[in-house]
Amino acid sequence: MSYKIVTDSCANLTDEQIENYGVEIISLKYRIEDKEYDSYVKGMKTDYAETYRLLREQAMITTSLASREDCDKVIPAILENGEDVLILAFSSGLSGTYQNIVLAAEDYKEMYPDRKIIVVDTLCAALGEGMAVHYAAKLKAEGKSIEEVASWVEQNKLKICHVFTIGDLFFLKRGGRLSGTSAVFGTLLGIKPMLHVANDGKLYVTGKVRGRAAALEALVSSLDERGEDIANQDIFIVHGDCEDEAQKVGDEIKKRYGVKNIVYNLIDPVIAAHAGPGTLAVFFIGKER
């Protein structure tokens, strides 16, 4: 039976990936002053330059969960077309989007009783979530069934490592997205926090280094510490408007580990509103997070 993979805009997939994978995107929204924007609009290249300028001024940018209306723009049309749906959702540890999608899916199952609708909480964020979609799309292209692909994601999602550093803990602290260790690291001169997304899908500070250069080196060396068969992986990197540093990290990863392909993307405004400019994250497959 034919099926579509659906994810949300927090997966931070590039336009090229979205097209190549044939996935559909449920867009989350963000608000600047009195105007609301979709984080992703199909067929439209969004310029985030102004959003990042405002973030650097610590402007208040608020975000919204994926609503029922947002789901209705994407999923019913697929079901009407006679296709099943596999939805890979943003971590429930960071957003209520997954829960909203589950509620919508229950209604769709009643409306389309002959269709299969599977929702997976990826417990991933940004291109970590995108990495789950990446492998799911590969399996689908190989002819795997919707159940087989969903099962693979469930079994392997906690091997998708998210290692990142940020420019200023102010944003995570303001948005309440930081769990575990105190945000005091960010107030110490020259100290940069290292963070990851843990098995519960939440953010935790894992350590601290002195200076930005050391933080970038820690990102690179994390692949050696946690990664598995790195040379044969596609590595994903997202950045909060710090492209030169992202490229520097990627070049060093290629040099050190023999990686052939790295995918880069800018962090979308919904995640950037909570992580802030200067965020830099590396995603790869490891034995565990």
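These figures come from a predicted structure and were not determined experimentally.

**Notes on the overall build of the protein chain**
Phase 1: Summing up its helical and strand segments, the protein chain has eleven helices and 14 strands in all.
Phase 2: Taken over C-alpha atoms, the radius of gyration comes to 18 Å for the protein chain, in line with the 19 Å a tight globule of 289 residues would show.
Phase 3: If one aligns the C-alpha atoms of the protein chain with their principal axes, the spans along those axes are about 60 × 45 × 35 Å.
Phase 4: Within the protein chain, the proportion of its 289 residues that are buried is 54%.
Phase 5: On the protein chain, roughly 12900 Å² of surface is accessible, and the fraction owed to carbon and sulfur atoms is 49%.

**Here we look at the side chain of His196**
Phase 1: The residue His196 is located in strand E10 (residues 191-197) in this model.
Phase 2: A polar contact is formed between the side chain of His196 and the side chain of Arg226, at a distance of 3.3 Å.
Phase 3: Apart from residues no more than four positions distant in its own chain, His196 is found in contact with His162, Phe164, Lys202, Leu203, Tyr204, Thr206, Arg226 and Arg289.

**Side note on the sheet that holds strand E2 (residues 24-26)**
Each strand in a sheet pairs with another by means of backbone hydrogen bonds, the pair being arranged parallel or else antiparallel.
Phase 1: In space, the four strands of this open sheet follow the order E2-E1-E6-E7, with parallel pairing throughout. Only two strands of the sheet have a single partner each, and these edge strands are E2 and strand E7 (117-121). Averaged over all pairs of adjacent strands, the angle between their axes in this sheet comes to 25°, without regard to strand direction.
Phase 2: Here five bridges tie strand E6 (residues 84-89) to E7, and the two strands are oriented parallel to one another. Paired with Val85 across the two strands is Ile117, which belongs to E7.
Phase 3: Contacting strand E1 (3-8) and E6, helix H6 (residues 126-141) crosses the sheet at an angle of about 170° to E1.

**Considering the state of the cysteines**
Phase 1: All told, the structure shown has zero disulfides when counted by the stated rule.
Phase 2: Considering cysteine sulfurs only, Cys161 is the nearest to Cys124, which forms no disulfide, with 9.7 Å between them.
Phase 3: Residue Cys161 is classed as buried on the basis of its relative accessible area, which comes to 0%.

**Focus on the environment of Arg174**
Phase 1: Within the secondary structure layout, Arg174 lies in helix H8 (residues 170-175).
Phase 2: Taking the C-alpha atoms as reference points, Arg174 and Val197, 23 residues apart in sequence, are found 18 Å from one another.
Phase 3: With sequence-adjacent residues up to four places away left out, Arg174 is seen in contact with Gln58, Ala59, Met60, Ile61 and Ala273.

**Looking at unusual backbone geometry**
Phase 1: Of note in the backbone geometry, Asn12 takes a positive phi value of approximately 55° without being a glycine.
Phase 2: By the element assignment, Asn12 lies in the loop between E1 and helix H1 (15-21).
Phase 3: Here the phi dihedral of Asp241 falls at roughly 60°; this positive angle occurs in a residue that is not glycine.
Phase 4: Tracing the sequence through the fold places Asp241 in the loop between strand E12 (234-239) and helix H10 (243-257).

**Looking at H10**
Residue pairs spaced three or four apart in an α-helix point in one direction, given the helix's 3.6 residues per turn.
Phase 1: The end-to-end C-alpha distance of H10, which contains 15 residues, comes to 21 Å, matching closely the 21 Å that a straight helix rising 1.5 Å per residue would cover.
Phase 2: Those residues of H10 lying buried are Ala246, Val249, Gly250, Ile253 and Tyr257. Across the axial projection of H10, the buried residues extend over an arc of 95°, all falling on one side. In this structure, H10 carries Asp244, Lys248 and Lys255 as exposed residues pointing more than 90 degrees from its buried face.
Phase 3: Its buried side turned inward, H10 meets helix H9 (212-226), E12, strand E13 (261-266) and strand E14 (280-285).
Phase 4: Phi turns positive, to about 75°, at Gly258, one or two residues after H10.

What counts, and where the lines are drawn
Residues numbered from 1 in each chain as written. Predicted model: local features only at pLDDT ≥ 70, side-chain atom pairs only at ≥ 80, totals over all residues. Heavy atoms only, no water. Helix = DSSP H or I, 4+ residues; strand = E, 2+ residues; numbered from the N terminus. Rg over C-alpha atoms; globule rule 2.2 N^0.38 Å. Buried < 20%, exposed > 50% of the residue type's maximum accessible area, 1.4 Å probe, protein only. Areas by Shrake-Rupley, 256 points an atom, 1.4 Å probe, with all protein chains shown as cover. Polar contact = N/O pair within 3.5 Å; in protein donor to acceptor, adjacent residues only side chain to side chain. Contact = heavy atoms within 4.5 Å. Pairing = 2+ DSSP bridges. Axes fitted to C-alpha atoms, helices over the stretch in contact; angles between N-to-C directions. Disulfide = S-S within 2.5 Å. Expected span 1.5 Å × (residues − 1). Arc of directions from axis to C-beta.

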